[in-house]
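Okay, here's what each chain looks like letter by letter:
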Amino acid sequence: MSPRPIFRTEWPIHAAPALADLDQDGEPELLIAAEALYALRPDGRRLPGFPFYAGGAFASPPAIGDLNGDGRMEIVIGCDDDHVYALDSRGRILPGWPRRTGGDIYGRPALADLDGDGRLEVLAGSDDGRVHAWRADGRPLPGWPQATGGFVSASPTVSDLDRDGRPEVIAGSWDGHVYIWRADGSPLPGWPQPTGHFVWSAPALEDLDGDGGPEIIVASDRVFVWRRDGTLLPGWPQPMRSLAATSPVLVDLDQDGRKEIVAAADQLYGWREDGTPLLGFPVDLGTFLWAAPGAADVDGDGRPELVAGGWDGCLYVLRWGGGLLGALRIGAPIFATPLIRQGGSGLEILIGAWDGCLYRLQPEDFQPANGEGLRPARWIGWTWRLLRELLPLPEDTPVFLAADDPPSPRAVLLYQREGEPAARPIPLLVHRGRLVGVFPPLRAGARGRIWMRTTPEADLCLRPVEFQVTPHWKARWRRWRRGIRRRWRWIWP
């Protein structure tokens, strides 16, 4: 039995919800990013000024911080309309914002004091291939933006790596490199470093070798651990069967006082700091894991469990040794990391799904594992197509594209709409033994070509397939409802 949602949006939820006490009443509000940015009080009532609508949907998780020094929390969020927005606690755009980039913003903006003036700056990666930095009033920070050779789809990470009192900015790019810049935009010596494939996720930081400084942990189709000078830690990189779309997670699963590295992709992978696999890992759940798992003591045994959602629409809870503690079928693909918190009735897990719904779960909702081992998850009835002949694609709907007989595990799809000067890449990910890409939603009437390249940097391309986006009544119904709710915001689901 699938759980009942506690909130419905009009768009697939890609980002984890966030908590922030926006109205300063001592209780955090719940922020949900979808076709609009929603803010809910603990009792489910909307916060005045919300939902906030922009020129596109929000796949970026919101960042929370006091930008203007007024003692209240502001919200910074990236949008599919190529802008970064900064809002006050009543959903009003701050002076100097929004700021435009040359592409969509999917990663959470980073808030950090880069120039040492005691005020937060805003950093964001964009599909224009650059990392941007602005002051709190929206003015560009000198030395920024900094360019890479591909999309920057994840959040920049900020830390004082060289311990000089000034932070550095770390970001991965779809050009297959990880970059580090000083606060003034100059590159840190030893960087960028290559990975050999797209870097879709934000770097994680942890002092793994005990030298007092953090190492940089990055997932591509391998997991890399670098020292701050760009040298690899012994035992790394470690391979995975698929490109990862999410950041590694650092958690002390075995309670030995040292954190392990967990990465989600076609399987759930786990290693110690020296690169040796964790007992029971990798764990094959029979589905692709787009989002990073959450970690919490779900069963009350004093050890953290991992909570991970998959494309099969299931949420899984795994013990520290990789054993399956329980599972729950949500019913729609999961692309968001769960938010785990202590609520009034105990531990709560908040998870958004591609059906546009937010679900609240508790440990007792999970069906216990039956001891028969892990069974490959059944593909749920979501929109997917094989990459063959003419492709009719429904409008305003993301579609899974499965490739037959791909020439390489690093193969990528490229698509180009009629009238566009350049093609756009679609990374292929391993799902149930197949390479699968996610085609973005387009309006009816769009036409173009899709083709496959053997590797991201190769010139060899396979025969292109024509696509055409066709009208779909469900998409029109969703657009009509979005328009009604945008015009009359008091209409609440």
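Preceding this section is the structure that the text describes.
All values reported here derive from a predicted model rather than from experimental measurement. (Residues numbered from 1 in each chain as written. Predicted model: local features only at pLDDT ≥ 70, side-chain atom pairs only at ≥ 80, totals over all residues. Heavy atoms only, no water.)

A. Quick peek at the pattern of salt bridges. Applying the stated criterion across every chain yields a total of 23 salt bridges. With a closest N to O distance of 4.0 Å, Asp-211 and Arg-228 form a salt bridge. A residue pair is termed long-range when its members are at least 10 positions apart, and Asp-211 in the loop between strand S17 (204-206) and strand S18 (215-219) and Arg-228 in the loop between strand S19 (222-226) and strand S20 (238-239) qualify at 17 residues. Across the pair Glu-273 and Arg-258 runs a salt bridge whose closest N-O atoms are separated by 3.1 Å. With Glu-273 in the loop between strand S23 (268-271) and strand S24 (294-296) and Arg-258 in the loop between strand S21 (249-251) and strand S22 (260-264), this residue pair connects regions lying 15 residues apart in the sequence. Connected via shared salt-bridge partners are Asp-254, Asp-256, Glu-260 and Arg-272. (Salt bridge = Lys/Arg side-chain N within 4 Å of Asp/Glu carboxyl O. Helix = DSSP H or I, 4+ residues; strand = E, 2+ residues; numbered from the N terminus.)

B. Main features of the sheet that holds strand S35 (residues 412-417). Spatial ordering of the open sheet is given by S33-S40-S39-S35-S36, a layout of 5 strands whose pairing is mixed. A strand with exactly one partner marks an edge of an open sheet, and here the two such strands are strand S33 (391-394) and strand S36 (424-427). Each adjacent strand pair in this sheet contributes to an overall mean axis angle of 30 degrees, direction not counted. (Pairing = 2+ DSSP bridges. Axes fitted to C-alpha atoms, helices over the stretch in contact; angles between N-to-C directions.)

C. Representation of the pairing of strand S4 (residues 37-40) within the structure. Burial of S4 is two-sided: the residues Leu-37 and Ala-39 facing one way and the residues Tyr-38 and Leu-40 facing the other way are all buried. Pairing of strand S3 (residues 29-33) with S4, which is carried by 4 bridges, proceeds in the antiparallel orientation. What sits directly across from Ile-32, in S4, is Tyr-38. Counting the residues between successive antiparallel strands, the hairpin from S3 to S4 contains 3 residues. (Buried < 20%, exposed > 50% of the residue type's maximum accessible area, 1.4 Å probe, protein only.)

D. Broad picture of the side chain of Ser-201. With respect to the helices and strands, the residue Ser-201 is situated in the loop between strand S16 (193-194) and S17. The exposure class of Ser-201 is buried, given its relative accessible area of 2%. At 3.5 Å, the side chain of Ser-201 and the backbone oxygen of Ala-219 are in polar contact. A polar contact is formed between the side chain of Ser-201 and the backbone oxygen of Thr-246, at a distance of 3.1 Å. Excluding residues that lie within four positions of it along the chain, Ser-201 makes contacts with Ala-154, Ala-219, Ala-245, Thr-246 and Ser-247. (Polar contact = N/O pair within 3.5 Å; in protein donor to acceptor, adjacent residues only side chain to side chain. Contact = heavy atoms within 4.5 Å.)

E. Examining the state of the cysteines more closely. Counted by the stated rule, this structure contains 0 disulfides. As a non-bridged cysteine, Cys-357 has Cys-314 as the owner of its nearest cysteine sulfur, 16 Å distant. (Disulfide = S-S within 2.5 Å.)

F. The nonpolar core, seen in detail. Formed by 35 residues in total, the largest nonpolar core has its most connected members in Ile-217, Val-223, Met-240, Ile-261, Trp-271, Trp-290 and Trp-311. Among the secondary structure elements, those contributing two or more residues to this core are S18, S19, S22, S23, strand S34 (399-403), S35 and strand S38 (434-439). Discounting chain neighbours no more than four positions away, the residues touching Met-240 are Ala-219, Ser-220, Asp-221, Arg-222, Val-223, Ala-263, Ala-265, Tyr-269 and Trp-271. (Core = buried A, V, L, I, M, F, W, Y, C linked by side-chain atoms within 4.5 Å.)

G. Layout of helix H1 (residues 473-487). Between the first and last C-alpha of H1 there are 21 Å, a value that for 15 residues agrees with the 21 Å anticipated at 1.5 Å per step. Residues Ala-475, Arg-482 and Arg-485 constitute the buried set of H1. All buried residues of H1 project into a common sector of 95 degrees when viewed along the axis, lining one side. Set apart from the buried face of H1 by more than 90 degrees, the exposed residues are Trp-473, Trp-480 and Arg-487. Buried positions along H1 lie against strand S1 (5-8) and S4. (Expected span 1.5 Å × (residues − 1). Arc of directions from axis to C-beta.)

H. Molecular detail of the sheet that holds S23. The strand order across the open sheet built from 3 strands is S21-S22-S23, with neighbouring strands paired in antiparallel fashion. A single partner strand is all that each edge strand has here, and the edge strands are S21 and S23. Recorded for the sheet is a direction-independent mean angle of 25 degrees between the axes of neighbouring strands. Of the pairings in the sheet, the one linking S22 to S23 comprises 4 bridges and is antiparallel in character. Across the sheet, the residue bridging to Ala-263 is Tyr-269, located in S23.

I. How the structure looks around the packing of aromatic side chains. The final tally for this structure, using the stated rule, is 26 aromatic pairs. With a centroid separation of 5.8 Å and 10 degrees between ring planes, the pair formed by Tyr-269 and Trp-271 is classed as stacked. Trp-271 shares its class with Tyr-269; the two are buried. An aromatic cluster is defined as three or more aromatic residues linked by ring pairs; in this entry it consists of Phe-151, Trp-174, Phe-198, Trp-200, Phe-288, Trp-290, Trp-311, Phe-335, Trp-354 and Phe-400. (Phe/Tyr/Trp six-rings, centres within 6.5 Å; stacked < 30°, edge-to-face > 60°.)

J. Representation of the pairing of strand S25 (residues 305-309) within the structure. Burial of S25 is extensive: 5 of the 5 residues sit out of reach of the surface. Because side chains alternate across S25, one face comprises the buried residues Glu-305, Val-307 and Gly-309, and the other comprises Leu-306 and Ala-308, equally buried. Here S24 pairs with S25 via 3 bridges, running antiparallel. Of the residues in S25, the one forming a bridge with Ala-295 is Leu-306. The pairing of S25 with strand S26 (residues 314-318) spans 4 bridges and is antiparallel. Bridging across to S26, Leu-306 finds its partner in Leu-318. Counting the residues between successive antiparallel strands, the hairpin from S25 to S26 contains 4 residues, one of them, Gly-313, with a positive phi of roughly 80 degrees.

Interpretation note: all reported values are geometric properties and have no functional meaning in isolation.
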